[in-house]
Amino acid sequence: MSKTISILGSTGSIGTQAIEVAKKHNFKISALSANSNADILENQARELKPEYVCIYNEKYYKELKDNLADTSVKVLSGMDGLCTIASSKNCDTLVNSVVGMVGLLPTLTAIDAGTEIALANKETLVAGGKLVTESAEKKGVRILPIDSEHSAIFQCLQGNKREQLNKIILTASGGPFFNKKTDELENVTVADALNHPNWSMGSKITIDSATLMNKGLEFIEAKWLFDLEPDMIEIIVHRQSVIHSAVEYKDFSVIAQLGVPDMKIPIQYALLYPDRFECPTKQLSLTDYGTLTFEKPDYETFKCLSAAIKAIKTGGAYPCLVNSANEEAVKLFLEGKISFLKIGEIVSSVLDKFPYTEITSYDDVVKADQNARAYVMNMI
Ligand code: MG
């Protein structure tokens, strides 16, 4: 299979695994980008010889450009650089695995260029779900999910009638603090929160997994990707992360997708869809696990989860507001400036603090994003 892909966020956890999958299947890579990992990006550029690389943080631009001067790679920077890559016609699939709201404009730009998107950047759909899905539909652009749960749901939907779907069952690992109550979470350190039981991921998403905000964001992401009413989405805590999610049809048949917890499986499915070839990972052995468990999430303790669900049920700018407040709160927690529990308090408080507003344009998203971030910074 000959395919050309670009990867935004190529030095992160998803990006490096996407490169591994691309190399296994001899894909051509036309562009790569990183936020600030200039050294890794330079090495990737030398090895993979893309047309473009983009370093988002301008601080590293000059040095990277000088370092790559002996190559034919064109060096870009900032949001303009990401959008130059996203608008390139020389790309079959854009892998968007940047962290945060930053991914939204490149996603919209790629859709406008008619380029298929393999989406790992969940904040894109959380903040701008309506804009993204409407423009993708208008342009006939396919958005293939990379998130393991959404890939599972997407796989379980193949070959069935969408109108015969009852609900989806979104599985959650429960994170490192499963079964802990609020008083036990008061003194959680950054190191505790970064210690995820099953998945090895970047720091933003690992903290989101510890607060269960990640599941809240995935709830919103699922609503947009699969055009669901919020009451068609059920969250179940499944500690082993073997069942990546499931769907229930009208006849009460439940179809699930299983596999070892390795992102290369959903990445490869998005990049090879609808084909399936051997993936560079381990095979699942169910007898190694023996027991799979299922429990209800604790919406009281994990306030981010209930806030995210409330945000999408209320609609308008609320999903964007909770997402941006969360991005700022996670940054503050990682910097040691706020406690772990404060993240949930901050994220929930935007629901009361902000009046309902509609999102009808990219500018509306930007405005809501800035308001939420300013609100969090003023609290500290
Ligand atoms: Mg996930």
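Reading the values: the criteria
- Residues numbered from 1 in each chain as written.
- Predicted model: local features only at pLDDT ≥ 70, side-chain atom pairs only at ≥ 80, totals over all residues.
- Heavy atoms only, no water.
- Patch = residues over 30% accessible without salt bridge, like charges linked within 9 Å, V, L, I, M, F, W, Y side chains within 5 Å.
- Areas by Shrake-Rupley, 256 points an atom, 1.4 Å probe, with all protein chains shown as cover.
- Salt bridge = Lys/Arg side-chain N within 4 Å of Asp/Glu carboxyl O.
- Lys, Arg positive; Asp, Glu negative; His and termini not counted.
- Charge placed at Lys NZ, Arg CZ, Asp CG, Glu CD.
- Helix = DSSP H or I, 4+ residues; strand = E, 2+ residues; numbered from the N terminus.
- Buried < 20%, exposed > 50% of the residue type's maximum accessible area, 1.4 Å probe, protein only.
- Pairing = 2+ DSSP bridges.
- Axes fitted to C-alpha atoms, helices over the stretch in contact; angles between N-to-C directions.
- Donors = N, O, S within 2.8 Å, 3.2 Å for Na, K, Ca; no water.
- 1 Å grid on protein atoms, 1.4 Å probe; cavity = no way out; pocket = protein on both sides within 12 Å on 5 of 7 lines; lining within 4 Å.
- Points joined across faces, edges and corners; volume = space filled by probe spheres on them.
- Nonpolar A, V, L, I, M, F, W, Y, C, P; charged D, E, K, R; others polar.
- Parallel < 35°, antiparallel > 145°, perpendicular 65-115°, else oblique.
- Contact = heavy atoms within 4.5 Å.
- Expected span 1.5 Å × (residues − 1).

Engineer: Explain a negative patch on the surface to me, please; I cannot follow it from the model alone.
Structural biologist: Residues Glu137, Asp227, Glu229 and Asp231 make up a contiguous surface patch of negative charge. Of note, aspartate 227 is situated in the loop between helix H10 (213-225) and strand S9 (233-237). Looking at aspartate 227, the relative accessible area reads 61%, which means it is exposed.

Engineer: What's the story with the sheet that holds strand S11 (residues 254-258) in this structure? I'm lost.
Structural biologist: Strand pairing in a sheet relies on backbone hydrogen bonds, with the paired strands running either antiparallel or parallel. Pairing in this open sheet of four strands is mixed, and the strands run S9-S8-S10-S11 from one edge to the other. Each edge of the open sheet carries a strand with a single partner, namely S9 and S11. The mean inter-strand angle of the sheet, taken between neighbouring strand axes irrespective of direction, is 20 degrees. Note that strand S8 (residues 165-172) and S9 share five bridges and pair parallel. Across the sheet, residue leucine 170 finds its bridge partner in S9, namely isoleucine 235.

Engineer: Looking at this structure, I do not really get the coordination of the magnesium ion. What am I missing?
Structural biologist: Asp147 (OD), Glu149 (OE) and Glu218 (OE) make up the full set of protein donors to the magnesium ion, lying at 2.1 to 2.2 Å. For the magnesium ion, all donor residues lie on one chain, and their spacing in sequence is D-x1-E-x68-E. On the criterion of sequence distance, the pair formed by glutamate 149 in helix H7 (residues 148-157) and glutamate 218 in helix H10 is long-range, its members being 69 residues apart. Among the residues examined, glutamate 149 registers a relative accessible area of 8% and is labelled buried. With a relative accessible area of 1%, glutamate 218 lands in the buried category.

Engineer: Looking at this model, I keep getting lost on the layout of surface pockets. Mind explaining?
Structural biologist: The rolling of a water-molecule-sized probe over the atoms marks out the regions of remaining empty space. Approximately 600 Å³ is the volume found for the second largest pocket. Thr133, Trp224, Leu225, Phe226 and Asp227 are, among the 19 residues lining the second largest pocket, the residues nearest its centre. Broken down by element, the lining of the second largest pocket gets its largest block of residues, five residues, from helix H6 (residues 122-139). Residues that form the lining of the second largest pocket fall into these classes: ten nonpolar, two polar and seven charged.

Engineer: Sorry if this is basic, but what is going on with the packing of helix H1 (residues 13-24) against helix H2 (residues 38-48) here?
Structural biologist: Relative placement of two packed helices is described by the angle separating their axes and the distance separating the axes. At a minimum axis separation of 13 Å, H1 and H2 run at an interaxial angle of 10 degrees. One finds that H1 runs roughly parallel with respect to H2. Between H1 and H2, the contacting residues are Thr16, Ile19 and Lys23 on the first element and Gln44, Glu47 and Leu48 on the second. Of the residues in the contact of H1 with H2, the class split is two nonpolar, two polar and two charged.

Engineer: Help me understand the side chain of glutamate 327, please; the structure alone is not making it clear to me.
Structural biologist: Residue position: glutamate 327 is located in helix H14 (residues 318-334). For glutamate 327, the contacting residues outside a window of four places in its chain are Gly100, Met101, Glu123, Lys204 and Arg373.

Engineer: When you look at the sheet that holds strand S5 (residues 93-96) in this model, what are you seeing that I'm missing?
Structural biologist: Strand order in this open sheet of seven strands is S4-S3-S2-S1-S5-S6-S7, and the pairing throughout is parallel. Only two strands of the sheet have a single neighbouring strand rather than two, namely strand S4 (74-77) and strand S7 (143-145). Between one strand axis and the next, the sheet turns through 20 degrees on average, direction left out of account. The pairing of strand S2 (residues 28-34) with strand S3 (residues 52-55) spans four bridges and is parallel. Opposite alanine 34, over in S3, you have isoleucine 55 as the bridge partner. Where H2 meets the sheet, its contacts fall on S2 and S3, and the angle it forms with S2 comes to roughly 170 degrees.

Engineer: Before we go on, may I ask you to explain H1 in this structure?
Structural biologist: Because each turn of an α-helix spans 3.6 residues, side chains separated by three or four positions end up pointing in the same direction. Its twelve residues give H1 an end-to-end C-alpha distance of 17 Å, which sits within 8% of 16 Å, the value for a rise of 1.5 Å per residue. Residues Ile14, Gly15, Gln17, Ala18, Ile19, Val21 and Ala22 constitute the buried set of H1. On the buried face of H1, the contacting elements are strand S1 (4-8), S2, H2, S5 and helix H11 (264-272). Of the residues trailing H1, asparagine 26 is marked for its positive phi of about 55 degrees.

Engineer: Got a minute to help me understand the environment of arginine 46 in this structure?
Structural biologist: When you line up the elements, arginine 46 lands in helix H2. Separated by 24 residues in sequence, arginine 46 and aspartate 70 have C-alpha atoms that sit 9.9 Å apart. Ignoring any residue separated from it by four or fewer positions in sequence, one finds arginine 46 in contact with Asn67, Leu68, Asp70 and Thr71.

Engineer: Explanation requested: empty space enclosed by the protein in the structure shown.
Structural biologist: Evaluated as defined, the whole model comprises one cavity of 30 Å³ or more. Volume-wise, the largest cavity comes out at about 50 Å³. Taken together, Ser148, Ser151, Gln155, Trp199, His244, Gln257, Gly259, Val260, Asp262, Ile265 and Pro266 make up the lining of the largest cavity. Those elements that place two or more of their residues in the lining of the largest cavity are H7 and H11. In terms of residues, the lining of the largest cavity owes the most to one element, H7, which gives three residues. Residues that form the lining of the largest cavity fall into these classes: four nonpolar, six polar and one charged.

Engineer: Looking at this structure, how should I read H11?
Structural biologist: Counting buried positions along H11 yields eight of nine residues, so the element is predominantly enclosed. For H11, the complete set of buried residues consists of Lys264, Pro266, Ile267, Gln268, Tyr269, Ala270, Leu271 and Leu272. Elements that come into contact with the buried residues of H11 comprise S1, H1, S5, strand S6 (116-119), S7 and H7.

Engineer: I tried to follow the environment of valine 95 on my own but got confused; where do I start?
Structural biologist: Relative to the helices and strands, valine 95 is located in strand S5. Residue classification places valine 95 among the buried positions, given a relative accessible area of 0%. As for valine 95 and glycine 15, which are separated by 80 residues in sequence, their C-alpha atoms are 8.0 Å apart. Apart from the residues lying within four places of it in its own chain, the contact partners of valine 95 are Ile5, Ser6, Ile7, Leu8, Ala18, Ala118, Ile146 and Leu271.

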